[in-house]
Amino acid sequence: MFNNLSDKLDKALHTLKGHGQITEINVAETLKEVRRALLDADVNFKIAKEFTKKVQQEAIGQNVLTTLNPGQLMVKLVKDELTTLMGGDTVGINLGGSPTVILMSGLQGSGKTTFSGKLAKYLKTKKTKQVLLVGCDVYRPAAINQLQVVGEQIGVEVYAEVGNQNPVEISQNAIAHAKTNGKNVVIIDTAGRLAVDEEMMTEISNIHKAINPQETLFVVDSMTGQDAVNTAKAFNNILNFDGVVLTKLDGDTRGGAALSIKSVVDKPIKFIGTGEKMEAIDVFHPDRMADRILGM
Amino acid sequence: AGKSKVDDDVLDNLEEVLVASDVGVTTTLKVIDRIEARVAKDKYVGTDELNKILREEIAGLLSETNIGNETDFVIPDIPKKEGVKVPYVLMVVGVNGVGKTTTIGKLASQFKKKGLKVVLGAADTFRAAAIDQLQVWADRTDVPIVRQEMGSDPASVAFDSLKSAVAQNADVVIIDTAGRLHNKVNLMNELTKIKRVMQKVVDNSPHDVLLVLDGSTGQNAFEQAKQFTKATEVTSLAVTKLDGTAKGGVVIGISDQFKIPVKYIGVGEGIDDLQVFNKVEFVDSFFK
Ligand SMILES: Nc1nc2c(ncn2[C@@H]2O[C@H](COP(=O)(O)OP(=O)(O)OP(=O)(O)O)[C@@H](O)[C@H]2O)c(=O)[nH]1
Ligand SMILES: Nc1nc2c(ncn2[C@@H]2O[C@H](COP(=O)(O)OP(=O)(O)OP(=O)(O)O)[C@@H](O)[C@H]2O)c(=O)[nH]1
Ligand SMILES: [K+]
Ligand SMILES: [Mg+2]
Ligand SMILES: [Mg+2]
């Protein structure tokens, strides 16, 4: 729909050219287009508002109207600002600790179990790690079977305790098991939970406290809409997570949630998921994400 | 004396509420236009009345297609064929992880409570342990399931499921399918094939193609509705995970544009956490 954002901005800015100096008032129409593009991409409405304000200041500062193609410059401003906001220093995954403990968290169906498998495979093949996958989802029907099938596919051991309904215990036992069995990475898959579910949020907080992971990842579906900020905030308040995983980017979603989440919790987006297969994992590229959000 | 114009502040605020509920800019502007038109005609007195008008207008967008106001889990009678009972065939589709399998488990339970004979078909043969997951729901609800090995042809499972349902004199057969993103042409074609194969067993089946949408999904749900409708002629919608803080507002524009009714909402992971859609309550939830 907004593949032609650049054209639109050009048009809106063209009418301003006669006015010479760019002012707060005459840039407003253009920013409306930018704001709408962001909202259509599911950027949270408050963040879209703040963002356009920032771009407005930039535009006035750089006096975009005096340039040959004000629309293009405007798009560049928007894109650069988006990239900066989503980027920052690239932070790799913390592989300290012996073993390294990685805890997954996120809403139902976001892609935690699948990503646990992908990460295990990645660490096994790319970093030659001995990985243990741990099934701590004691609720979802066949959650453990799912992880076991995944483990089999990638040749990674899966630790589970049939009948034990206590994920804190299971995770602690798994770490002990890893130590005595020469594993140097432990990836803990947990049940999906809603941020408003106090009991379940307490549960993951308890797991987190008990195992003190090197790396806590928040896994989020890239198709998420306006609610992304609420969820990210709530999980971050409880877990102070280290990074974000953005899944299902093989779809055609614009993925504005990426900007929203980065803005509210200021945690790096460390990985993306680009498919259902175990190889479909990639590192995050802020500039590509900016293009995507703008529909370019 | 009533005003004939709505304050800009009030409209701004309204716009925010709707956008924050994932209604989307286009539909939000449509709603606001309708309100402005109505207020110009009817005048309005106060905020309370404005709120009432607003709810009516949004419900209006949902109305044309959501006329039934069903309050119960019902399925229509399918005429017998040559004296033999024909099962009502329901195929469930949607992108990955939205809640298809869970919704099927909940529906099986509701239909069974109504005294209907239900059969489940495990045609997600791709995702790890998808068959086991549906099996757990079949056990919970004590209904028969038709399954093959992981990796087998989903159309063949669907075919077997319908055959089995007919043989068992079942009232309803519900076919689970693998989650797939709507931009994957091969996977979408596979759905069309599953549908075609089912028609070899039961004429005009599936009678209902239920597209499940995750309530936390944003504007991409539009494209989902569009592409799944193209591949399978979606006839109803379910919106899941509305027990969280997400509002699922995108479904208003979808229902309006594609003329597909919203039938069910998912409000939890438990077997009874499925409700028949109620448009008034749905719209009210935006303001909570
Ligand atoms: N297309 C695509 N599908 C994905 C991706 N990641 C996960 N999935 C699919 O999304 C669905 C849900 O993934 P799961 O890994 O089961 O999600 P989860 O967060 O563990 O779910 P719960 O345990 O129920 O909370 C499955 O169908 C996965 O195959 C991805 O990057 N792309
Ligand atoms: N809170 C909540 N969770 C739900 C609801 N419906 C489903 N879920 C959860 O969402 C996750 C995914 O549900 P599934 O039924 O496996 O989804 P699916 O669409 O079959 O997933 P794939 O087959 O992998 O594409 C599970 O953890 C479910 O328990 C709901 O209404 N509310
Ligand atoms: K989701
Ligand atoms: Mg899982
Ligand atoms: Mg499923």
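Quick caveat, the model's predicted, so the values are computed rather than measured.

A. How the structure looks around the overall build of chain A. When its secondary structure is counted, chain A shows eleven helices and eight strands. A burial count over chain A gives 57% of its 296 residues as buried. Here the analysis covers contacts within chain A between residues at least 6 apart in sequence; of these, 78% occur between residues at least 24 apart. A total of about 12,100 Å² of accessible surface is found on chain A, and carbon and sulfur atoms cover 47% of it.

B. Just the pattern of salt bridges, in detail. Residues and elements named next belong to chain B. Counted under the stated rule, the structure contains 31 salt bridges over all chains. Linking Arg34 and Glu57 is a salt bridge whose minimum nitrogen-to-oxygen distance equals 2.8 Å. You can see Arg34 sitting in helix α2 (residues 25–42) and its partner Glu57 sitting in helix α3 (residues 47–63), a full 23 residues away along the chain. Relative accessible area serves as the criterion here: at 31%, Arg34 is assigned to the partly exposed category.

C. Broad picture of the side chain of Arg193(A). Here Arg193(A) lies in the loop between β4 (185–189) and α8 (198–211). Here Met200(A) takes part through its backbone oxygen, which lies 2.6 Å from a polar atom of the side chain of Arg193(A).

D. Representation of the site of ligand 1 in the model. Near ligand 1 lie 23 residues; those nearest to it are Gly111(A), Lys112(A), Thr113(A), Thr114(A) and Arg140(A). Close to ligand 1, residues of chains A and B are found. Contact distances for ligand 1 include 3.3 Å between an oxygen atom and a side-chain N or O atom of Lys118(A). At 2.5 Å, a side-chain N or O of Arg140(A) approaches an oxygen atom of ligand 1. Look at ligand 1: alone it shows 650 Å² of surface, and the protein chains cover 96% of it. Among the elements that line the shell around ligand 1, the one with the most residues is helix α5 (residues 112–126) of chain A, at four residues. Of the residues assigned to the shell around ligand 1, the class counts are two nonpolar, 13 polar and eight charged.

E. Quick look at the coordination of the potassium ion (ligand 3). Donor atoms from the polypeptide that coordinate the potassium ion (ligand 3) comprise Asp221(A) (OD) and Asp214(B) (OD), at 2.4 to 2.8 Å from the metal. You can see Asp221(A) sitting in strand β5 (residues 215–221) and its partner Asp214(B) sitting in strand β5 (residues 208–214), one on each of two chains. In this structure, Asp221(A) and Asp214(B) share a single accessibility class: buried.

F. Spotlight on α8(A). The end-to-end C-alpha separation of α8(A) is 20 Å, in line with the 20 Å expected for 14 residues at 1.5 Å each. Positive phi appears at Asn212(A), one or two residues downstream of α8(A), with a value of about 45°.

G. Focus on the interface of chain B and chain A. Facing the 39 residues of chain B at the interface are 33 residues of chain A. Taken together, both faces of the contact between chain B and chain A bury some 3,100 Å²; the carbon and sulfur share is 55%. Applying the counting criterion to the chain B and chain A interface returns three salt bridges. For Lys184(B), the salt bridge is made with Asp250(A), and the minimal N-O distance between the two is 2.4 Å. Remark: the boundary between chain B and chain A carries 17 residue pairs in polar contact (both at pLDDT 80 or more). Residue assignment for the side of chain B that touches chain A shows that the elements contributing at least two residues are α1 (8–20), α2, α5 (130–141) and α8 (220–232) of chain B. Sorting elements by how many residues they give to the side of chain B that touches chain A places α5(B) first, with five residues. Residue classes in the side of chain B that touches chain A are distributed as 13 nonpolar, 15 polar and eleven charged.

H. Looking closely at the environment of Asp80(A). All names here are of chain A. Here Asp80 shows up in helix α4 (residues 70–86). Relative accessible area serves as the criterion here: at 35%, Asp80 is assigned to the partly exposed category. For the pair formed by Asp80 and Gly135, sequence separation is 55 residues and the distance between their alpha carbons is 41 Å.

I. Inspection of unusual backbone geometry at higher detail. Geometrically, the link from Ser98(A) to Pro99(A) is a cis peptide bond, its omega value of 0° lying close to zero. By secondary structure assignment, the location of Pro99(A) is in the loop between α4 and β1 (100–106). Of the consecutive residues Ser205(B) and Pro206(B), the connecting peptide bond is found in the cis state with omega at -5°. If you check the backbone angles, Asp42(A) has positive phi at about 75° while not being a glycine. Structurally, Asp42(A) is set in the loop between α2 (28–40) and α3 (45–62). Despite not being glycine, Asp22(B) has its phi angle at roughly 70°, a positive value. Within the fold, Asp22(B) resides in the loop between α1 and α2.

J. Examining the sheet that holds strand β4 (residues 172–177) of chain B more closely. All names here are of chain B. With mixed pairing, the eight strands of this open sheet are ordered in space as β3-β2-β4-β1-β5-β6-β7-β8. Both edges of this open sheet fall to β3 (145–146) and β8 (274–276), since each of them pairs with a single strand only. In this fold helix α4 (residues 100–113) packs onto β1 (88–93), β2 (118–123), β4, β5, β6 (236–240), β7 (262–266) and β8, with an angle of close to 170° to the strand it touches most, β4. Against the sheet, α8 engages β1 and β5, with an angle of about 160° to β5.

K. Expanded view of a negative patch on the surface. On the surface, Asp197(A), Glu198(A), Glu199(A), Asp243(B) and Glu269(B) cluster together to form a negatively charged patch. Here Glu199(A) is to be found in helix α8.

L. Representation of empty space enclosed by the protein in the model. A complete count under the given rule lists two cavities of 30 Å³ or more for this structure. Each pocket or cavity is described by its volume, and for the largest cavity that value is around 170 Å³. In terms of lining residues, the largest cavity is bounded by 22 residues, among which Leu107(A), Gln108(A), Thr224(A), Thr231(A) and Ser216(B) are the most central. Secondary-structure elements contributing two or more residues to the lining of the largest cavity are β5 and α9 (228–239) of chain A. With four residues, β5(A) is the largest single contributor of residues to the lining of the largest cavity. Approximately 40 Å³ is the volume found for the second largest cavity. Lining the second largest cavity we find Leu39(A), Asp40(A), Asp42(A), Gln226(A), Val19(B), Asp22(B), Gly24(B), Val25(B) and Gln219(B). Classifying every residue of the lining of the second largest cavity gives three nonpolar, three polar and three charged.

Cut-offs used in this document
Residues numbered from 1 in each chain as written. Chains lettered and ligands numbered in written order. Predicted model: local features only at pLDDT ≥ 70, side-chain atom pairs only at ≥ 80, totals over all residues. Heavy atoms only, no water. Helix = DSSP H or I, 4+ residues; strand = E, 2+ residues; numbered from the N terminus. Buried < 20%, exposed > 50% of the residue type's maximum accessible area, 1.4 Å probe, protein only. Contact = heavy atoms within 4.5 Å. Areas by Shrake-Rupley, 256 points an atom, 1.4 Å probe, with all protein chains shown as cover. Salt bridge = Lys/Arg side-chain N within 4 Å of Asp/Glu carboxyl O. Polar contact = N/O pair within 3.5 Å; in protein donor to acceptor, adjacent residues only side chain to side chain. Near = heavy atom within 4 Å. Nonpolar A, V, L, I, M, F, W, Y, C, P; charged D, E, K, R; others polar. Donors = N, O, S within 2.8 Å, 3.2 Å for Na, K, Ca; no water. Expected span 1.5 Å × (residues − 1). Buried area = accessible area lost by both parts, 1.4 Å probe. Pairing = 2+ DSSP bridges. Axes fitted to C-alpha atoms, helices over the stretch in contact; angles between N-to-C directions. Patch = residues over 30% accessible without salt bridge, like charges linked within 9 Å, V, L, I, M, F, W, Y side chains within 5 Å. Lys, Arg positive; Asp, Glu negative; His and termini not counted. Charge placed at Lys NZ, Arg CZ, Asp CG, Glu CD. 1 Å grid on protein atoms, 1.4 Å probe; cavity = no way out; pocket = protein on both sides within 12 Å on 5 of 7 lines; lining within 4 Å. Points joined across faces, edges and corners; volume = space filled by probe spheres on them.

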